[in-house]
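The primary structure of each chain is shown beneath.
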Amino acid sequence: MSAYVLRRLWQMIPTLAGVILLVFFLFNWIGGDPAYVLAGLFSNQEQIDSIRAELGLDQPLAVQLWIFVKQVATFNFGNSWTTGESVASIFATRLPASLTLMVPLLIIETVIALALAVGLAWVRGSSIDRGTMVVFTGLMSVSILVFIILGQNILAYRLGWFPVQGWSDDFWKNLTTFAPLPILLGLLVSIAPNTRLFRSFVLDEIDQDYVRTARAKGLSEPRVMFIHVLRNALIPVITFVISHIPTLLLGAFLLERFFGIPGVGREIILAVERSDFPVIKAVTVYVAIATMIFNLIGDVLYRLTDPRVQLR
């Protein structure tokens, strides 16, 4: 397995090089001139030229590309154009808040959806199964904005069970006081599609020959479902969860924005609104790196889940 991991890490280099080239040329050709963005409407050519020199935009294209490569290699993308704060500092200070919200949400939604999927597959075709699928289909048609507005109005304003907004420097206070309501609302949004998807994975395994063989040997239905079927159904579940992780932080911007959580998602939206290119470029590269790393972790988990999987 170690040889496979090293080989995959080596293969990440050309992939990352392609991402760097794509991001560089997209921002240079499509993103517009950053000097005009920073200078504003009421600026003269002298100011624009000064900003271009400060950013290195007056250098040849090859020199600019080398500067960008060094930024990626050192994880130093300079400072934000709008706040002047270091991009590395922005991610270092905002990422813990996003992880406090997203890690519990990912774990809870995966465990609950997987348990519901196995249970519904167990009673497939029954009134419980059909009724649950109808309810989940209805939940999937409701926008997350509706859940946020109703959740804040009923659970926070009227009942006072949760604070509407807020965040602190205390991890446990954030986790137990400010994070539960957005986690609950995020769970209401994600549990329906995840359960339907995981249920289809489990149903694909139920009709396999090894399941009929296990039942013919006299194994109990709980053992068949939770040991044999569930273990084999975990492969596509792992694929879905791993591929979902890099986009989870970006998808949390609504929760972070409505609940005043100083996370990465909210920072990305602000950067897009302000045309803050250093932050946007850093996010693009970070997400690409995270995607490659999590795909590698997923491959290793395949092997740990099912010893029959061969990593080549």
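It should be emphasised that the depicted structure is a prediction, and the values quoted were computed from it without experimental measurement.

**Side note on the overall build of the protein**
In terms of helices and strands, the protein carries 14 helices and 0 strands. When the elements of the protein are put in sequence order from the N terminus, they spell out α-α-α-α-α-α-α-α-α-α-α-α-α-α. With 312 residues in all, the protein has 38% of them scored as buried. Within the protein, contacts between residues separated by at least 24 positions form 72% of all contacts whose residues are at least 6 apart in sequence.

**Let's talk about the nonpolar core**
With 41 residues, the main nonpolar core has Met102, Phe198, Val202, Met225, Val229 and Phe259 as its most contacted residues. The set of elements that each furnish at least two residues to this core consists of helix H5 (87-122), helix H7 (144-158), helix H9 (180-206), helix H10 (209-216) and helix H11 (221-251). For this core, the element with the most residues is H11, which contributes 11 residues. In this structure, Phe77, Phe277, Ala282 and Ile289 belong to the second largest nonpolar core, which totals 23 residues.

**Observations concerning a nonpolar patch on the surface**
Together, Leu95, Leu99, Val103, Ile107, Ile108, Val111, Ile112 and Leu116 make up a nonpolar patch on the protein surface, roughly 600 Å² of accessible area in all. Along the chain, Leu99 turns up in helix H5. Take Leu99: its relative accessible area is 39%, and that puts it in the partly exposed class.

**Comments concerning the packing of aromatic side chains**
Within a pair of aromatic rings, the relevant descriptors are the distance that separates the centres and the angle that separates the planes. Across all of its chains, the model carries 7 aromatic pairs by this definition. Their ring planes at 85° and their centres at 5.0 Å tell us that Phe91 and Tyr286 sit as a pair that is edge-to-face. One end of the pair, Phe91, is in helix H5; the other, Tyr286, is in helix H14 (residues 277-305), and 195 residues separate them in sequence.

**Things to note about empty space enclosed by the protein**
Per the stated rule, a full pass over the model turns up 1 cavity of 30 Å³ or more. In this model, the largest cavity occupies a volume close to 30 Å³. Surrounding the largest cavity, Ser80, Thr82, Thr83, Glu267, Leu270, Ala271, Arg274, Asp276 and Val279 form its lining. Grouping the amino acids of the lining of the largest cavity by side-chain chemistry returns 3 nonpolar, 3 polar and 3 charged.

**With respect to helix H6 (residues 127-140)**
Between the first and last C-alpha of H6 there are 20 Å, a value that for 14 residues agrees with the 20 Å anticipated at 1.5 Å per step. Buried residues of H6: Asp129, Thr132, Met133 and Phe136, and no others. Considered in projection along H6, the buried side chains sweep an arc of 100° and stay on one side of the axis. Among the exposed residues of H6, those pointing more than 90 degrees away from its buried face are Ser127 and Val134. Structurally, H6 contributes buried residues whose contacts are with H5 and H9.

**Some words on the environment of Ser200**
By the element assignment, Ser200 lies in helix H9. Remark: the alpha-carbon pair of Ser200 and Val118, spanning 82 residues in sequence, is separated by 9.7 Å.

**A word on the pattern of salt bridges**
This structure, assessed with the given rule, holds 3 salt bridges. Here Glu267 and Arg94 are joined by a salt bridge, their closest N and O atoms 3.1 Å apart. On the criterion of sequence distance, the pair formed by Glu267 in helix H13 (residues 264-274) and Arg94 in helix H5 is long-range, its members being 173 residues apart. Take Glu267 and Arg94: they sit in the same class, and that class is buried. One salt-bridge network, held together by shared partners, links Glu85, Arg94 and Glu267.

**Regarding the packing of H7 against H9**
Where H7 meets H9, the closest approach of the two axes is 10 Å, and the angle between their N-to-C directions is 140°. Looking at the two axes, H7 sits oblique to H9. As H7 packs across H9, the resulting crossing turns out to be right-handed. Residue-level contacts link Ile144, Phe147, Ile148, Gly151, Leu155 and Ala156 of H7 to Leu181, Leu184, Leu185, Leu188 and Val189 of H9.

**Overview of unusual backbone geometry**
Backbone geometry at Phe75 places phi at a positive 55°, although glycine is not the residue there. You can see Phe75 is positioned in the loop between helix H4 (61-74) and H5. In this structure Phe75 comes out as partly exposed when scored by relative accessible area, which is 43%.

**Concerning the environment of Ser80**
Here Ser80 shows up in the loop between H4 and H5. For the pair Ser80 and Ile280, spaced 200 residues apart in sequence, the C-alpha to C-alpha distance is 9.7 Å. Residues contacting Ser80, with those up to four places away along its chain left out, are Glu85, Val87, Ile90, Asp276 and Val279.

So, how was this worked out
- Residues numbered from 1 in each chain as written.
- Predicted model: local features only at pLDDT ≥ 70, side-chain atom pairs only at ≥ 80, totals over all residues.
- Heavy atoms only, no water.
- Helix = DSSP H or I, 4+ residues; strand = E, 2+ residues; numbered from the N terminus.
- Buried < 20%, exposed > 50% of the residue type's maximum accessible area, 1.4 Å probe, protein only.
- Contact = heavy atoms within 4.5 Å.
- Core = buried A, V, L, I, M, F, W, Y, C linked by side-chain atoms within 4.5 Å.
- Patch = residues over 30% accessible without salt bridge, like charges linked within 9 Å, V, L, I, M, F, W, Y side chains within 5 Å.
- Areas by Shrake-Rupley, 256 points an atom, 1.4 Å probe, with all protein chains shown as cover.
- Salt bridge = Lys/Arg side-chain N within 4 Å of Asp/Glu carboxyl O.
- Phe/Tyr/Trp six-rings, centres within 6.5 Å; stacked < 30°, edge-to-face > 60°.
- 1 Å grid on protein atoms, 1.4 Å probe; cavity = no way out; pocket = protein on both sides within 12 Å on 5 of 7 lines; lining within 4 Å.
- Points joined across faces, edges and corners; volume = space filled by probe spheres on them.
- Nonpolar A, V, L, I, M, F, W, Y, C, P; charged D, E, K, R; others polar.
- Expected span 1.5 Å × (residues − 1).
- Arc of directions from axis to C-beta.
- Axes fitted to C-alpha atoms, helices over the stretch in contact; angles between N-to-C directions.
- Parallel < 35°, antiparallel > 145°, perpendicular 65-115°, else oblique.
- Left-handed = near helix turned anticlockwise from the far one by under 90°.

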